[in-house]
Amino acid sequence: IDGPLIGGQASHYTISLNRELLSKNIIPIFFVKNSNSNLVTNNIKSIKGRYNSDMHWAYRSLKTGERTNLFKYVDQFNDRNAKIFCYLKAFNGSPQRVEIHSSTFEKHSNQLPDLLDLVYYLLLVQGDLKNPQIRSISIAEKYARATLNLIDIDELMKSSGIIPTMNHERFGW
């Protein structure tokens, strides 16, 4: 899944989705390409204050093909908002954060080494050094862009009779 497991108002929905996918024997894994999170760097005394973010730390610390240890995060206000995560540097570029919910970890911890190997493989076969991401996410983005090009949104909006009430300049009318 492209995006963080826990993040703002979407957390409830992603955790519900995680539960449903697990009930269907699907292992949900979340991928974060860009983040200014400091969950690691703020909590390890020896690196605190030395990096702008966890991504900065992972980029500087990891060699190509390496990943960090697994870390556990539990929200101090809602313990259902819990995740296990690591950073993976597939290429000589920005690493990615790989996250799973704590319930996924409990159910599939014995498969985690193979899953992380699969994640690394899917990053490598996608092969775009400028936009490193999981192959299936890259393909889905390409289909989404192609689909958007099939529909002339501006013409559809104009012909539907919808009258913009604010920010109408967004639509170029």
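A brief structural summary. (Residues numbered from 1 in each chain as written. Predicted model: local features only at pLDDT ≥ 70, side-chain atom pairs only at ≥ 80, totals over all residues. Heavy atoms only, no water.)

Notes on the overall build of the protein chain
Within the protein chain one finds 6 helices and 5 strands. N-terminal to C-terminal, the α/β element order of the protein chain is α-β-α-β-β-β-β-α-α-α-α. Counting only C-alpha atoms, the protein chain reaches 60 × 35 × 35 Å along its principal axes. Across the 173 residues that make up the protein chain, the buried fraction comes to 35%. Contacts in the protein chain between residues at least 24 apart in sequence constitute 51% of all its contacts with a sequence separation of at least 6. As displayed, the protein chain offers around 11300 Å² of accessible surface, 52% of which is attributable to carbon and sulfur atoms. Here the protein chain carries 21 positive and 16 negative side-chain charges, and the mean point of each set is 7 Å from the other. (Helix = DSSP H or I, 4+ residues; strand = E, 2+ residues; numbered from the N terminus. Buried < 20%, exposed > 50% of the residue type's maximum accessible area, 1.4 Å probe, protein only. Contact = heavy atoms within 4.5 Å. Areas by Shrake-Rupley, 256 points an atom, 1.4 Å probe, with all protein chains shown as cover. Lys, Arg positive; Asp, Glu negative; His and termini not counted. Charge placed at Lys NZ, Arg CZ, Asp CG, Glu CD.)

As for the pattern of salt bridges
Throughout the structure, instances matching the rule amount to 4 salt bridges. With its nearest N and O atoms 2.8 Å apart, the salt bridge here joins E99 to K83. One end of the pair, E99, is in strand β5 (residues 96-101); the other, K83, is in strand β4 (residues 82-89), with 16 residues separating them in the sequence. Each member of the pair, E99 as well as K83, carries the same accessibility label: buried. The shortest N-O distance in the salt bridge between E99 and R97 comes to 2.5 Å. For E99, a relative accessible area of 0% corresponds to the buried category. Residues joined in a network through salt bridges with shared partners are K83, R97 and E99. (Salt bridge = Lys/Arg side-chain N within 4 Å of Asp/Glu carboxyl O.)

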